[in-house]
Amino acid sequence: MDTIRLSIVTPNGEIFNDDVKTVTLPGKEGEFGVLPGHSSLVSSLTVGVIVIEKANSTEAVAINWGHAKVDEKSVDVLADGAIALTAGKDSELAKNIEAARELVKSVKDSNISVAAVEAKINSFA
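These figures come from a predicted structure and were not determined experimentally.

Thresholds, definitions, all that
- Residues numbered from 1 in each chain as written.
- Predicted model: local features only at pLDDT ≥ 70, side-chain atom pairs only at ≥ 80, totals over all residues.
- Heavy atoms only, no water.
- Helix = DSSP H or I, 4+ residues; strand = E, 2+ residues; numbered from the N terminus.
- Buried < 20%, exposed > 50% of the residue type's maximum accessible area, 1.4 Å probe, protein only.
- Contact = heavy atoms within 4.5 Å.
- Areas by Shrake-Rupley, 256 points an atom, 1.4 Å probe, with all protein chains shown as cover.
- Polar contact = N/O pair within 3.5 Å; in protein donor to acceptor, adjacent residues only side chain to side chain.
- Salt bridge = Lys/Arg side-chain N within 4 Å of Asp/Glu carboxyl O.

Caption draft 1: Quick peek at the overall build of the chain. Scanning the chain for helices and strands turns up two helices and ten strands. For the chain, the succession of helices and strands along the chain, N to C, is β-β-β-β-β-β-β-β-β-β-α-α. Every one of the 125 residues in the chain was classed for burial, and the buried ones make up 40%. Put simply, of all contacts in the chain between residues at least 6 apart along the chain, 48% involve residues at least 24 apart. Of the accessible surface of the chain, which amounts to about 6,700 Å², a share of 49% is contributed by carbon and sulfur atoms.

Caption draft 2: Region of the structure containing the side chain of Asn-64. Its location among the elements puts Asn-64 in the loop between strand E7 (58-63) and strand E8 (66-70). In this structure the side chain of Asn-64 is engaged in a polar contact, spanning 2.9 Å, whose partner is the side chain of Asp-80.

Caption draft 3: Just the environment of Asp-71, in detail. Its location among the elements puts Asp-71 in the loop between E8 and strand E9 (74-79). A C-alpha to C-alpha distance of 6.0 Å links Asp-71 and His-38, two positions 33 residues apart in sequence. Those residues in contact with Asp-71, other than ones at most four positions away along the chain, are Ile-4, His-38 and Ser-40. Within the structure, Asp-71 has its side chain in polar contact with the backbone nitrogen of Lys-73 (distance 2.9 Å). Engagement of the side chain of Asp-71 in a polar contact is seen with the backbone nitrogen of Ser-74, the distance being 2.8 Å.

Caption draft 4: Broad picture of the pattern of salt bridges. Enumeration over the complete set of coordinates arrives at four salt bridges. With a shortest N-O distance of 3.2 Å, Lys-54 and Glu-59 are connected by a salt bridge. In this structure, a network of salt bridges that share partners links the residues Asp-18, Lys-54 and Glu-59.

Set out below in structure tokens:
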């Protein structure tokens, strides 16, 4: 087993559902990576960027907060707000990056370094 199923869902519907090599999640206690065969866990997620490693590409999704349920074969993310940072067209990507910045700025959690999250978002520009 060299992939794990990742699903990202918001109140507006599913925004990602595919097999991936690894996923890095912004946990409340810090970022953590998930590989196929990971131990089961449930974690709160904080504002940040979910980094998705696929076979031939890297994708990213900015979230404001949510929860993740992990088991050996799947990762299910329920996010309050999420914006994909990778898209086919440059203009669409630019709009998504600006929307992701606004999503991050809307979070009023003093424990989060908004600048660090914005830097990660900008790395996909």
